[in-house]
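Reading the structure
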Amino acid sequence: MAIYLDHNAGAPLRPEAAEAISRFIAETAGNPSSVHRSGQRARRMLELARAQVAAIVGADAGQIVFTSGGTESNNLAIFGAVTASTRRRRIVSSEIEHSSILTPLLELERRGFEVVRVAPDSDGRIDSARVLEAIGTSRDSALVTLGLANSEVGTIQDLAPLSTECREAGAIFHIDAVQAVGRISVDVNALGCDLMTLSGHKLGSPAGIGALYIRDSAQFAPSIFGGPQEAGRRAGTPNLLGAIAFGASAVALVRWMPIESARVATLTATLLTRLCEAIPGLKLNGPLNGRIPNTLNLTFPNVLGESMLIALDLAGVEVSMGSACAAGAVEPSHVLLAMGRTRADARSSLRISLGWNTTAEEVARVATIIPDEWRRVAAAEPVAEEASR
């Protein structure tokens, strides 16, 4: 059986979510918008799931809007904020955001908005002072949108100090917390954000379900129309099955996260130590501390990342490069390039992300398999020529 170490892309289904799905199928619930008995039972199930998801970030149930996933939530937040701020034309973000933030911002630039992208330091940290400088005092900023934890290198951003300044400047403050929730403690009130993106399949639910937290006082305009669902903020019949599974995963997180995070952090540290001992010149991308506890982004010397990825997959270890594929060619990670890594180093990097079902036995096996595969690939590969292309 393959060893799955790509939890930042999506976590395996939790037993609690699988059990909730089985119950749902057996009960064959109706449409939550229907007034008959089956519909009202479905409504109760949906609202229970909403409260369960709200609890993992300290929100009220009525502040949670269910979506199809993190990408939709980010789009809903970005376009909802700029549509509500009709006269403001500046958006502040960073160079290392997920593509579901970067691509909508490119579209808004095409429409005439000004987008300021703050560069990170070499560890992937965003300087709050530079964000505040970008917001400015001219009251023309509509939105500040930043990730709480980077999906590729795991760096945790200190975003709470921005909330007061955003509010005083009249800018909507959106946090993409997809990679942070479930790995560290997240509280919308402590962070002071107006909007927050969540994703179910990062936590052990099926893909296709997410949520957007919307503060009661936040300016927000819907961008999907056609019905009164989700209090008029996102039209369309909700994914009831996904919401129920998301809620079940949220309950499991509340119960297990303190133990789970500590266990995963220990496994990740053990793996890093053993790999560094076995692979001379191995480099960690991102900070040693101030990183979500499950993530390692590593630059392997004298190999191409895609060659290592394939070799490890054939050896039964599933990891990722954390980069985009286009036209059959793997592009260097925009995150690593923004952090100052060379194209060659970016092309030689892999992301390893552990999760709720990773075991100590798996980590011990991987700590042997990865160095073995690295030595084999390095001996066979003309990496210097390939990485410079």
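Scroll up a little and you will see the structure.
This structure is a prediction, so every number in the text was calculated from the model and none was measured. (Residues numbered from 1 in each chain as written. Predicted model: local features only at pLDDT ≥ 70, side-chain atom pairs only at ≥ 80, totals over all residues. Heavy atoms only, no water.)

**Some words on the packing of aromatic side chains**
How we decide: Aromatic rings from Phe, Tyr and Trp, taking only the six-membered ring of Trp, are treated as a pair when their centres fall within 6.5 Å; an angle between ring planes under 30 degrees marks them as stacked, one over 60 as edge-to-face, and anything in between as tilted. Two limits define a charge over a ring: the Lys NZ or Arg CZ must be within 6 Å of the ring centre, and within 35 degrees of the ring normal.
Taken as a whole and assessed by the stated rule, the structure comprises 1 aromatic pair. Directly above the aromatic system of F113 lies the positively charged group of R89, at a separation of 3.9 Å from the ring centroid.

**Side note on the pairing of strand 4 (residues 114-118)**
We count it as follows: One requirement defines pairing of two strands: DSSP has to find at least two bridges between them. Secondary structure elements follow DSSP: runs of H or I of four or more residues count as helices, runs of E of two or more count as strands, with numbering from the N terminus. Orient the strands so they point away from the viewer; a crossover is then right-handed if the path from the first strand over the helix to the second runs clockwise.
In terms of strand pairing, strand 3 (residues 90-94) meets strand 4 through 5 bridges, oriented parallel. Across the sheet, the residue bridging to R90 is E114, located in strand 4. Taking the sense of rotation as the criterion, the β-α-β connection linking strand 3, helix 4 (residues 99-110) and strand 4 turns out right-handed.

**So, the side chain of S205**
Going by this rule: Whether a residue is buried, partly exposed or exposed follows from its accessible area with a 1.4 Å probe, protein chains only, as a fraction of its type maximum: under 20%, in between, or over 50%, in that order. In the analysis that follows, any N or O atom pair within 3.5 Å is treated as a polar contact, provided that within protein one partner can donate a hydrogen and the other can accept it, and provided that, for residues neighboring in sequence, both atoms belong to side chains.
Position of S205 among the secondary structure elements: in the loop between strand 7 (195-199) and strand 8 (210-214). Classification of S205 by relative accessible area gives buried; the value is 2%. At 3.2 Å, the side chain of S205 and the backbone oxygen of A245 are in polar contact. In this structure the side chain of S205 is engaged in a polar contact, spanning 2.9 Å, whose partner is the side chain of S249.

**Some remarks on the sheet that holds strand 14 (residues 349-353)**
Two orientations exist for strands paired in a sheet by backbone hydrogen bonds: parallel and antiparallel. Put simply, the rule is: As a rule, the C-alpha atoms of each element are fitted with a line to give its axis, helices using only the stretch in contact, and angles between N-to-C directions run from 0 to 180 degrees.
On the basis of which strands lie adjacent, the open sheet formed by 3 strands has the order 9-10-14 and antiparallel pairing. What marks the edges here is a single partner per strand, and that holds for strand 9 (283-285) and strand 14. Ignoring which end each strand starts from, the neighbouring axes of this sheet average 35° apart. In this structure, strand 9 lies alongside strand 10 (residues 295-299), joined through 3 bridges in antiparallel fashion. Pairing of K283 across the sheet is with T299, part of strand 10.

**Considering the side chain of S261**
Definition in use: The contact definition used throughout considers only heavy atoms, calling two residues in contact when any of these lie within 4.5 Å.
Mapped onto the secondary structure, S261 falls in helix 8 (residues 240-278). Here R183 takes part through its backbone oxygen, which lies 3.2 Å from a polar atom of the side chain of S261. When neighbours within four sequence positions are excluded, S261 is seen to be in contact with G182, R183 and P293.

**A few points about the pattern of salt bridges**
Heads up, the condition is: In what follows, salt bridge is the name for a side-chain nitrogen of Lys or Arg lying within 4 Å of a carboxyl oxygen of Asp or Glu.
Within the structure shown, the criterion is met by 17 salt bridges. Note that R375 and D372 form a salt bridge whose closest N and O atoms lie 2.7 Å from each other. Placement of the pair is R375 and D372 together in helix 12 (residues 360-380), with a separation of 3 residues, close to one helical turn. Overall, the relative accessible area of 38% leaves D372 in the partly exposed class.

**A short note on the pairing of strand 5 (residues 141-147)**
Judged by how many residues are buried, strand 5 sits mostly within the fold: 7 of 7 residues are covered. Of the pairings in the sheet, the one linking strand 3 to strand 5 comprises 3 bridges and is parallel in character. Across the sheet, V92 pairs through a bridge with V144, a residue of strand 5. Note that strand 5 and strand 6 (residues 172-176) share 5 bridges and pair parallel. Note that in strand 6 the partner of L143 across the bridge is I172.

**Here's the deal with the packing of helix 8 against helix 12**
Selection rule: If an angle is under 35 degrees, it is roughly parallel; if it is over 145, roughly antiparallel; if it lies from 65 to 115, roughly perpendicular; otherwise it is oblique. Here a crossing is taken to be left-handed if its near helix is turned anticlockwise relative to the far helix by less than a right angle, and right-handed if that turn runs clockwise. Residue polarity follows a fixed list, in which Ala, Val, Leu, Ile, Met, Phe, Trp, Tyr, Cys and Pro are nonpolar, Asp, Glu, Lys and Arg are charged, and the others, Gly among them, are polar.
Contact geometry of helix 8 with helix 12 gives a least axis separation of 10 Å together with a crossing angle of 25°. If you check the angle between helix 8 and helix 12, you find them roughly parallel. As helix 8 packs across helix 12, the resulting crossing turns out to be right-handed. Residues L267, L271, R274, L275 and A278 of helix 8 form the contact with helix 12, whose own contacting residues are A360, V363, A364, V366, A367, T368, I370, P371 and R375. A per-class count over the contact of helix 8 with helix 12 returns 11 nonpolar, 1 polar and 2 charged.

From the geometry alone we can't say anything about function, so treat these as descriptive.
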